[in-house]
Amino acid sequence: MFDFDATLPLMAVQFILLMVVLNAILFKPLTKVIEDRSTLISNSQTGAKEGLEQVNAITQQYEKALIDSRRQYQSIIAKAQAEAQKTASEQIAAAQAEAVAARETATRELAAQKVSAMAELEKQVDSLSQEIVNKLLVGV
Amino acid sequence: MPLDIEMLNFLDSPNFVSLAALEVGQHFYWHIGSLKVHGQVFLATWFVMSVLIIASLLATRNIQQIPKGMQNLMEYAMDFIRELTRNQIGEKEYRPWVPFIGTLFLFIFVCNWSGALIPWKLIHLPEGELAAPTNDINTTVALSLLVSIAYFYAGFKKKGLSYFAKYVQPTPILLPIAVLEDFTKPLSLSFRLFGNILADELVVGVLVLLVPLFVPLPVMLLGLFTSAIQALVFATLAGAYIHEALEGHGDEHEEEHA
Amino acid sequence: MDVSSASVIAAALAIGLASLGPGIGQGNASASAVEGIARQPEAEGKIRGTLLLTLAFMESLTIYGLVIALVLLFANPFVK
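Residues numbered from 1 in each chain as written. Chains lettered and ligands numbered in written order. Predicted model: local features only at pLDDT ≥ 70, side-chain atom pairs only at ≥ 80, totals over all residues. Heavy atoms only, no water.

**A short note on the overall build of chain B**
Phase 1: Helix and strand counts for chain B come out as six helices and two strands.
Phase 2: Along chain B, from the amino end to the carboxyl end, the secondary structure elements read β-β-α-α-α-α-α-α.
Phase 3: Expressed as a percentage of the 258 residues in chain B, the buried residues total 48%.
Phase 4: Within chain B, contacts between residues at least 6 apart in sequence are counted, and of these 68% link residues at least 24 apart.
Phase 5: Carbon and sulfur atoms provide 70% of the accessible area of chain B, an area that totals close to 13,000 Å². (Helix = DSSP H or I, 4+ residues; strand = E, 2+ residues; numbered from the N terminus. Buried < 20%, exposed > 50% of the residue type's maximum accessible area, 1.4 Å probe, protein only. Contact = heavy atoms within 4.5 Å. Areas by Shrake-Rupley, 256 points an atom, 1.4 Å probe, with all protein chains shown as cover.)

Here it is as structure tokens:
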């Protein structure tokens, strides 16, 4: 069982031959293809990462633009509202002033008419009292 | 020199139907010049080598970016080997050692499984019997001596003669132990592999001898498992020894990757 | 007792004694591994791999005993 003979060195030589052959037909090509594949994968991974970064940048830009435009239209709305408010209040004030003025003229006219009517009435009272006096005196 | 008492030969008495015989220490000798070699080991080794080479050719005949079939299988094995080597030797220096450790692993693995899966016993040789090549002490000693040479080569290539500094590195008192380690490493490597594979075959053989049907199956499955683990252990230890030779005892600061 | 019978007894003792220590060691290692898996189930794969490797190392001690036993049975240097 433990008889060493020429099998030993011949096996060693055979093993080295096998190693050389396998290195040529198995290890080298497969190592090459495995490393090629891993570089390909890492390349496409970096590519994808770059693309993702670009997409992220574009999204950020877009969101920023969106926020800007939102702010802009809010300010426009606020301005328009303020303007409308202003116009409305101006018109209201004008209308109120007009109404006040109209009432004042009306009151003044009314007062004038009252004065004139009073004057006429007094005149008529005077003439009527004259006539009454005349009639009474005639009777006497 | 085989023992006079043939092991278990009482089972071959006429009362037993001989379904399987155990032959240990019998070899099918070939004579090359004045040298004797074990023919059955070479036959089995050539079979294993042709299996490996055919599988590799099938895998790399038409290499594609997206692997299919045989290429997929061999790439799986390749990934496993690269991972093993990287874990043992480290990210920086593992690449040149992948072929050596990978061939060790594949060769031992296919040898062990061929011994467990292929009914070699059906092929009759004039003397001895076909079995896993790792069943022969010559094969395992050859492999473990190659591992020894490999780690010496690794140490020399990296550090030159200062590689020997590691023998007296922590303290010169440990010099005998450090030298002894260089002998026990190949010894334990070869005996571990040889003993495990031989034990598997003997256990299966004895069980088949006693109960030829179904009962040996669980033991055979255990044998498959052990064979795979032994291939893994051999490759892992080879990697660990090479790593040790590359790192040495002195420069612990390089062990960051571990 | 002649050398052959002594060798057979020695072979039996070699296997039996060589399986004692590794048996205890493997039990300890497996117990710790199971404890580790129970404590950290996510590390199961790593623990199992290490456990198998260490078990193989311990197993090899028994195998050394087996090798000695086989030497005594089949390639005994003391028997002509």
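**Side note on helix α4 (residues 137-159) of chain B**
Phase 1: In a regular helix each residue adds 1.5 Å, so 23 residues correspond to 33 Å; α4 of chain B covers 33 Å between its end C-alpha atoms and thus fits that length.
Phase 2: Note on α4 of chain B: the residue one or two positions beyond its end, G160 of chain B, has a positive phi of about 70°. (Expected span 1.5 Å × (residues − 1).)

**Section: the nonpolar core**
Phase 1: W97, F100, L104, F107, V147 and I242 of chain B are the most contacted members of the largest nonpolar core, which has 78 residues in total.
Phase 2: Looking at which element gives the most residues to this core, the answer is helix α1 (residues 7-139) of chain A, with 12 residues.
Phase 3: Once residues within four sequence positions are removed from consideration, I242 of chain B is found in contact with I89, W97, F100, I101, A150, Y151 and A154 of chain B.
Phase 4: F28, A44, L125 and L130 of chain B belong to the second largest nonpolar core, which has five residues in total. (Core = buried A, V, L, I, M, F, W, Y, C linked by side-chain atoms within 4.5 Å.)

**Comments concerning the pattern of salt bridges**
All names here are of chain B.
Phase 1: Under the counting rule described, the total for this entry stands at 12 salt bridges over all chains.
Phase 2: Residues E91 and R86 are paired through a salt bridge, measuring 3.8 Å at the closest nitrogen-oxygen approach.
Phase 3: Relative accessible area serves as the criterion here: at 25%, R86 is assigned to the partly exposed category. (Salt bridge = Lys/Arg side-chain N within 4 Å of Asp/Glu carboxyl O.)

**Here's the deal with the pairing of strand β1 (residues 29-32) of chain B**
Phase 1: Bridge count for β1 of chain B against strand β2 (residues 35-38) of chain B is four bridges, and the pairing is antiparallel. What sits directly across from W30 of chain B, in β2 of chain B, is V37 of chain B. (Pairing = 2+ DSSP bridges.)

**Here's the deal with the interface of chain C and chain B**
Phase 1: At the interface, 19 residues of chain C touch 23 residues of chain B.
Phase 2: For the pair chain C and chain B, the two sides together bury roughly 1,800 Å², of which 79% comes from carbon and sulfur.
Phase 3: Between the two partners, chain C and chain B, sit two residue pairs in polar contact (both at pLDDT 80 or more).
Phase 4: Looking at the side of chain C that touches chain B element by element, the count peaks at 14 residues for helix α2 (residues 44-74) of chain C.
Phase 5: By residue class, the composition of the side of chain C that touches chain B is 15 nonpolar, two polar and two charged. (Buried area = accessible area lost by both parts, 1.4 Å probe. Polar contact = N/O pair within 3.5 Å; in protein donor to acceptor, adjacent residues only side chain to side chain. Nonpolar A, V, L, I, M, F, W, Y, C, P; charged D, E, K, R; others polar.)

**Concerning the interface of chain A and chain B**
Phase 1: Opposite the 30 residues of chain A that make contact, chain B presents 50 residues.
Phase 2: Buried area between chain A and chain B, summed over both chains or domains, comes out near 3,600 Å², and the portion from carbon and sulfur atoms is 76%.
Phase 3: Applying the counting criterion to the chain A and chain B interface returns three salt bridges.
Phase 4: One salt bridge in this structure joins R82 of chain B and E35 of chain A, with 3.6 Å as the shortest N-O distance.

**Let's talk about the confidence of the model for chain C**
Phase 1: For chain C, the mean per-residue pLDDT works out to 88, and 99% of the residues sit at or above 70.
Phase 2: This complex was scored by the predictor with a pTM of 0.73 and an ipTM of 0.80. (pLDDT = per-residue confidence, 0-100.)

**Let's talk about the packing of aromatic side chains**
Phase 1: Enumeration over the complete set of coordinates arrives at 17 aromatic pairs over all chains.
Phase 2: An angle of 85° between the planes, with centres 6.3 Å apart, marks the rings of F15 of chain A and F100 of chain B as edge-to-face. Of this pair, F15 of chain A sits in helix α1 while F100 of chain B sits in helix α3 (residues 98-117), placing the two residues on different chains. Grouping residues by exposure puts F15 of chain A and F100 of chain B together as buried.
Phase 3: Taken together, the ring pairs connect Y151, F152, F156, Y163, F164, Y167 and Y241 of chain B into an aromatic cluster.
Phase 4: Between the NZ or CZ atom of K185 of chain B and the centre of the ring of Y151 of chain B, over which it lies, the distance is 4.7 Å.
Phase 5: Over the aromatic face of Y241 of chain B sits the side chain of K185 of chain B, whose NZ or CZ is 4.7 Å from the ring centroid. (Phe/Tyr/Trp six-rings, centres within 6.5 Å; stacked < 30°, edge-to-face > 60°. Lys NZ or Arg CZ within 6 Å of the ring centre and 35° of its normal.)

**Concerning the confidence of the model for chain B**
All names here are of chain B.
Phase 1: Considering every residue of chain B, the mean pLDDT works out to 81; 86% of them sit at 70 or more.
Phase 2: A low-confidence stretch, residues 1-20 stays under pLDDT 50, and its non-local contacts, those more than four residues away or across chains, total 24 contacts.
Phase 3: Within the model, the stretch residues 250-258 combines pLDDT values under 50 with 10 contacts to residues more than four positions away or in other chains.

**A word on the side chain of N112 of chain B**
Phase 1: Tracing the backbone shows N112 of chain B in helix α3.
Phase 2: Setting aside residues up to four positions removed in sequence, N112 of chain B forms contacts with T134, L193, I197, S227, Q230 and A231 of chain B.

**Some remarks on unusual backbone geometry**
Excluding glycine, a negative phi dihedral is what most residues carry, and trans is how most peptide bonds are arranged.
Phase 1: Of note in this structure, F214 of chain B is not a glycine but carries a positive phi near 60°.
Phase 2: As for its position among the elements, F214 of chain B is in the loop between α5 (175-210) and α6 (216-247).

**Topic: the packing of helix α1 (residues 39-60) of chain B against helix α2 (residues 69-89) of chain B**
All names here are of chain B.
Phase 1: Here α1 crosses α2 at 115°, and the two axes come no closer than 7 Å. By the criterion of interaxial angle, the relationship of α1 to α2 is roughly perpendicular. As α1 runs across α2, the sense of the crossing is left-handed. Between α1 and α2, the contacting residues are A55, S56, L58 and A59 on the first element and M70, Q71 and M74 on the second.
Phase 2: Class assignment for the residues of the contact of α1 with α2 results in five nonpolar, two polar and no charged. (Axes fitted to C-alpha atoms, helices over the stretch in contact; angles between N-to-C directions. Parallel < 35°, antiparallel > 145°, perpendicular 65-115°, else oblique. Left-handed = near helix turned anticlockwise from the far one by under 90°.)

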